[in-house]
Amino acid sequence: MNKQLPQRSRDAQVEGLIVLVGIVAFMWLIEVFNTIDSNHLDNDGIIPRNLDRVWGVFTSPFIHASFQHLIDNSIPFIFMGVIIALSGAVRLLKVTLIVILVGGIGTWLIGPSHSSTIGASGVVFGYASYLLVRGIFNRSALELVTGAVVAVIWGGALLSSLVPHYGISWQAHACGAIGGVVAAYVLSSRRPAKTDGPSRSDPQSALDRALAK
């Protein structure tokens, strides 16, 4: 029995949480500078179908219109980010990057013209959809239960945010959610992997084994 595995798992969780704290701290630091600069950074978001500003796909999640906007996004971002971070820093970064890419490009393609979309809400939707569906792709009972808890706590608020409101980008929310589903599929442990030798599955619970049948 390898006693190092539990320690490695704990180390990975700590690393994931540290990365999450770093991301949130970076968003708050950006908002401090943005406020000092009279919110000029608000123009560095996603400008739909503007090739010269396509880089806004990567900057928009870290820019917010106000501290209240940042607080509203930080609470669900941290709540769902912690759950993902417990799978390690690499998993958190991969999910975040996929959601930013898919959600950002989608918003760039279908967002309203002459607008600037900013804020981490698209990533929040991506985190939520990732947690909701990853258990289906992985056939994991624990992940399905986790997804159900997320749905109970945040489901109503997330669904209401998909309804078009003035000043709120439902496109970013919808595309971010699609990004989360893509991340769950791409990172699924059930996808066939190319290996040079025999593979060995991770230990599963009795419920997980039942779902795999």
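So, a few notes on the structure that sits alongside this text. (Residues numbered from 1 in each chain as written. Predicted model: local features only at pLDDT ≥ 70, side-chain atom pairs only at ≥ 80, totals over all residues. Heavy atoms only, no water.)

1. A look at the overall build of the chain
Okay, so step 1: Assigned secondary structure in the chain consists of eight helices and zero strands.
Okay, so step 2: For the chain, the sequential pattern of α-helices and β-strands runs α-α-α-α-α-α-α-α.
Okay, so step 3: Within the chain, contacts between residues separated by at least 24 positions form 80% of all contacts whose residues are at least 6 apart in sequence.
Okay, so step 4: Working note: accessible area of the chain is about 12,300 Å², and carbon and sulfur atoms make up 67% of it. (Helix = DSSP H or I, 4+ residues; strand = E, 2+ residues; numbered from the N terminus. Contact = heavy atoms within 4.5 Å. Areas by Shrake-Rupley, 256 points an atom, 1.4 Å probe, with all protein chains shown as cover.)

2. Some remarks on the side chain of Gln171
Okay, so step 1: With respect to the helices and strands, Gln171 occurs in helix H7 (residues 170-186).
Okay, so step 2: Gln171 has contacts with Thr107, Ile110, Gly111 and Pro112, leaving out every residue within four places of it along the chain.

3. Focus on unusual backbone geometry
Okay, so step 1: For Asn39, which is not a glycine, the phi torsion comes out positive at approximately 60 degrees.
Okay, so step 2: In this structure, Asn39 sits in the loop between helix H1 (4-36) and helix H2 (56-59).
Okay, so step 3: At Arg49, a position not held by glycine, the phi torsion is positive, near 60 degrees.
Okay, so step 4: As for its position among the elements, Arg49 is in the loop between H1 and H2.
Okay, so step 5: Using a relative accessible area of 38% as the deciding quantity, one classes Arg49 as partly exposed. (Buried < 20%, exposed > 50% of the residue type's maximum accessible area, 1.4 Å probe, protein only.)

4. Observations regarding the packing of aromatic side chains
Okay, so step 1: Evaluation of the coordinates by the stated rule reveals five aromatic pairs.
Okay, so step 2: Judged by centre distance (5.4 Å) and plane angle (75 degrees), the rings of Phe26 and Phe62 are edge-to-face. Taken together, the residues span a long stretch of sequence, with Phe26 in helix H1 and Phe62 in the loop between H2 and helix H3 (67-85) at a distance of 36 residues.
Okay, so step 3: Classification of Phe62 as partly exposed rests on a relative accessible area of 21%.
Okay, so step 4: Summarising the aromatic geometry, the rings of Trp28 and Phe67 are spaced 5.8 Å apart at their centres and angled 35 degrees between planes, so their arrangement reads as tilted. Residue Trp28 is found in helix H1, and its partner Phe67 is found in helix H3; the two are separated by 39 residues along the sequence.
Okay, so step 5: By relative accessible area, Phe67 is classed as partly exposed at 33%. (Phe/Tyr/Trp six-rings, centres within 6.5 Å; stacked < 30°, edge-to-face > 60°.)

Just geometry here; none of it tells us what the structure is for.
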